[in-house]
Amino acid sequence: MISNMENDIEIDGMKLHYEVTGPENGAPVLLMHGWGCDHTTVRSIANALNGNMRVFNVDLPGHGMSQEPPTAWGVNDYTQLMERFITRIGISDPVLIGHSFGGRISILMASRNPISRMVLVDAAGIKPKRPLKYYLKVYSFKTAKKILPLVFGKKQGGKMIDAWRGKAGSADYRNSSPVMRAVMSRCVNEGLTDRLPLIKASTLLLWGEEDKATPLADAKLMEKLIPDAGLVSWQGCGHYSFLDNPGGFRAVIRNFLLSN
């Protein structure tokens, strides 16, 4: 029997929203979206497997209809919640599919848990190499953070610092709440390169060759460091390769997950 339903679950006081699709006896899949998105963004990935696998498509904390973290969470906090989630809903050895930020969680989760297979889609996890201009901006901001409240007072100085953040940050950063901005800053600076060799599951890397957020070089490094990994990339596709080339994406992911 194929079902399609949306649910809320509370784990350690955190409300988590998720959508379930696929047959009740299908192999379990945990699907995790990227930053600034929600489960609807990656629904086409779930649909590609509908009828064959049981897909749990989650709104990560601070996104969609899930509750915002109480503090500035790191990747480990998100991963621990997802580990508790699969335990609570009663699945084991799931397939992990992570896009962008969801890829960070997938990498850490796969490095320390038994999973069936993993698909990383334009995934984050490689700490970016920063130009000198970036470090000058960061250190200038840190200096201003200390000085402005002393010169203009705590309240006015705080407003000036928030304005600086808004102008300097990315669109995702500007559109986030103060807590989620802190989460984003923390997670972006967490490199997971050392976790890649610990992944035992067969891993498929699906990438857009024009991806500017998580460049193709990241995928090639992941392919090199994950013991059993293969890379498929598409010309003319960006950070949302599954939307840029839906037909090709569907064919490759179905072949990887539904063959044998």
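Because the structure is a prediction, the values reported are computed rather than measured.

**Details of the overall build of the protein**
Link 1 in the chain: Scanning the protein from N- to C-terminus turns up ten helices and eight strands.
Link 2 in the chain: Out of the 260 residues belonging to the protein, those deemed buried represent 47%.
Link 3 in the chain: A fraction of 69% describes how many contacts in the protein between residues 6 or more apart in sequence connect residues 24 or more apart.
Link 4 in the chain: As displayed, the protein has an accessible area near 12,500 Å², and 53% of this comes from carbon and sulfur atoms.

**Notes on the packing of aromatic side chains**
Link 1 in the chain: Enumeration according to the criterion identifies eight aromatic pairs in this entry.
Link 2 in the chain: On the numbers, 6.4 Å between centres and 40° between planes, the contact of Tyr18 with Phe56 is tilted. Of the two residues, Tyr18 is situated in strand S2 (residues 14-23) and Phe56 in strand S4 (residues 53-59); the sequence distance between them amounts to 38 residues. The pair formed by Tyr18 and Phe56 is uniform in burial state, with each residue classed as buried.
Link 3 in the chain: Ring centres 5.0 Å apart and planes at 75° place the aromatic pair Tyr18 and Phe85 in the edge-to-face group. You can see Tyr18 sitting in strand S2 and its partner Phe85 sitting in helix H2 (residues 75-89), a full 67 residues away along the chain.

**Some points on the nonpolar core**
Link 1 in the chain: By size, the foremost hydrophobic cluster in this structure holds 46 residues, and its most contacted members are Leu16, Leu30, Tyr78, Met82, Phe85, Leu120 and Met222.
Link 2 in the chain: Ignoring anything within four residues of it in the chain, the contact list for Leu120 reads Gly98, Gly103, Ser106, Ile107, Thr203, Leu204, Leu205, Leu206, Trp207, Met222 and Ile226.
Link 3 in the chain: Judged by nonpolar contacts, the second largest core, of 22 residues, contains Ala46, Val55, Ile253 and Leu257.

**A look at the confidence of the model for the protein**
Link 1 in the chain: In this model, the protein carries an average pLDDT of 87, and 81% of its residues clear a pLDDT of 70 or more.
Link 2 in the chain: Low confidence marks residues 134-139, where pLDDT is under 50. Its contacts with residues over four positions away, or in another chain, come to three contacts.

**A closer look at unusual backbone geometry**
Link 1 in the chain: Even without glycine at this site, Asp12 takes up a positive phi of about 50°.
Link 2 in the chain: Positionally, Asp12 belongs in the loop between strand S1 (2-11) and S2.
Link 3 in the chain: We classify Asp12 as exposed; its relative accessible area is 61%.
Link 4 in the chain: Its identity as a non-glycine residue notwithstanding, Ser100 has a phi of 55°, on the positive side.
Link 5 in the chain: On the secondary structure map, Ser100 appears in the loop between strand S5 (95-99) and helix H3 (101-112).
Link 6 in the chain: Ser100 gets classed as buried once you look at its relative accessible area, which sits at 10%.

**Details of the pattern of salt bridges**
Link 1 in the chain: In this structure the tally under the stated criterion is six salt bridges.
Link 2 in the chain: Between Arg43 and Glu19 there is a salt bridge; the shortest N-O distance is 3.0 Å. Here Glu19 lies in strand S2 and Arg43 lies in helix H1 (residues 43-49), a separation of 24 residues in the sequence.
Link 3 in the chain: Given the relative accessible area of 4%, Glu19 is considered buried.
Link 4 in the chain: Each of Glu6, Glu19 and Arg43 takes part in a single network of salt bridges with overlapping partners.

**Looking at the environment of Leu120**
Link 1 in the chain: The topology assignment puts Leu120 in strand S6 (residues 117-121).
Link 2 in the chain: Its relative accessible area of 0% is what places Leu120 among the buried residues.
Link 3 in the chain: In the structure, Leu120 is positioned 22 residues away from Gly98 in sequence and 5.2 Å away in space, judged by C-alpha atoms.

**Focus on helix H10 (residues 246-258)**
Link 1 in the chain: Given a rise of 1.5 Å per residue, 13 residues ought to cover 18 Å, and the 17 Å separating the end C-alpha atoms of H10 matches this to within 8%.
Link 2 in the chain: Taken residue by residue, H10 has Gly248, Phe249, Ile253, Phe256 and Leu257 as its buried positions. The buried residues of H10 occupy one face: seen down the axis, they fall within an arc of 140°. Of the exposed residues in H10, those oriented more than 90 degrees away from the buried face are Gly247 and Asn255.

Quick notes on the rules
- Numbering of residues begins from 1 in every chain and follows the order in which that chain's sequence is written.
- Reporting of local features is limited, given that this is a predicted model, to residues whose pLDDT is at least 70; pairs of side-chain atoms are given and counted only at 80 or more, and all residues count toward the totals for whole chains, interfaces and linings.
- Hydrogens are left out, water is left out, and the side-chain values use all remaining heavy atoms of the structure.
- In this description a helix means any DSSP run of H or I spanning at least four residues, a strand means any run of E spanning at least two, and both kinds are numbered starting from the N terminus.
- The buried label applies to any residue whose accessible area, calculated with a 1.4 Å probe on protein chains only, is under 20% of its type's maximum; exposed applies above 50%, and partly exposed to all values in between.
- By definition in these notes, contact holds between two residues if any of their heavy atoms fall within 4.5 Å.
- All accessible-area figures derive from a Shrake-Rupley calculation using a 1.4 Å probe, and residue coverage is judged against the displayed protein chains alone.
- Any two rings among Phe, Tyr and Trp, with Trp reduced to its six-membered ring, count as a pair given centres within 6.5 Å; such a pair is stacked if its planes are under 30 degrees apart, edge-to-face if over 60, and tilted if neither.
- The definition of a nonpolar core used throughout is a set of buried Ala, Val, Leu, Ile, Met, Phe, Trp, Tyr and Cys residues joined through side-chain atoms within 4.5 Å.
- Per-residue confidence from the predictor is reported as pLDDT, which spans 0 to 100.
- Salt bridge, as applied in this entry: a Lys or Arg side-chain nitrogen positioned within 4 Å of an Asp or Glu carboxyl oxygen.
- Expected helix span is computed as 1.5 Å times (number of residues minus one).
- The arc in question is the one traced by the directions running from the helix axis out to the C-beta atoms.

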